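Spelled out, the chains give:
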Amino acid sequence: MVKLVYFAWVRERVGKPEESVDLPASVTTIADLIVWLAGRGEEYAYAFENGPLIRAAIDRTHVKHDASVAGAREIAFFPPMTGG
């Protein structure tokens, strides 16, 4: 079981701030997880429609989309961030 946490407009589009899920064996990376989430329903498809732009963190450490999700306790998703 892994805890998924959603921030900003990702949270708004999914419709919840967090959830705990059992990941299928086919989900081994953040990129796989984004694809799997996008297939879970209309709200997820909308939240992850620009998957490559979504940022992720595993156990509070920012990671790239090729990062392994094995052993993760918490995975957080953020929209792209801009500075200024």
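Our structure's up above, just so we're on the same page.
Cut-offs applied
- Residues numbered from 1 in each chain as written.
- Predicted model: local features only at pLDDT ≥ 70, side-chain atom pairs only at ≥ 80, totals over all residues.
- Heavy atoms only, no water.
- Pairing = 2+ DSSP bridges.
- Helix = DSSP H or I, 4+ residues; strand = E, 2+ residues; numbered from the N terminus.
- Axes fitted to C-alpha atoms, helices over the stretch in contact; angles between N-to-C directions.
- Contact = heavy atoms within 4.5 Å.

## Focus on the sheet that holds strand β1 (residues 2-6)
At step 1: The sheet built from 5 strands is open, its strands ordered β2-β1-β5-β3-β4 with mixed pairing. Two strands in the sheet have a free side with no partner beyond their single neighbour: β2 (18-21) and β4 (61-63). The mean inter-strand angle of the sheet, taken between neighbouring strand axes irrespective of direction, is 30°.
At step 2: Two strands pair when backbone bridges link them, and β1 and strand β5 (residues 74-78) are joined in this way by 4 bridges, in the parallel orientation. Looking at the pairing, Lys3 lines up with Glu74 of β5.
At step 3: Helix α2 (residues 30-38) contacts β1, β2, β3 (55-58), β4 and β5 of the sheet and is inclined by roughly 70° relative to β5.

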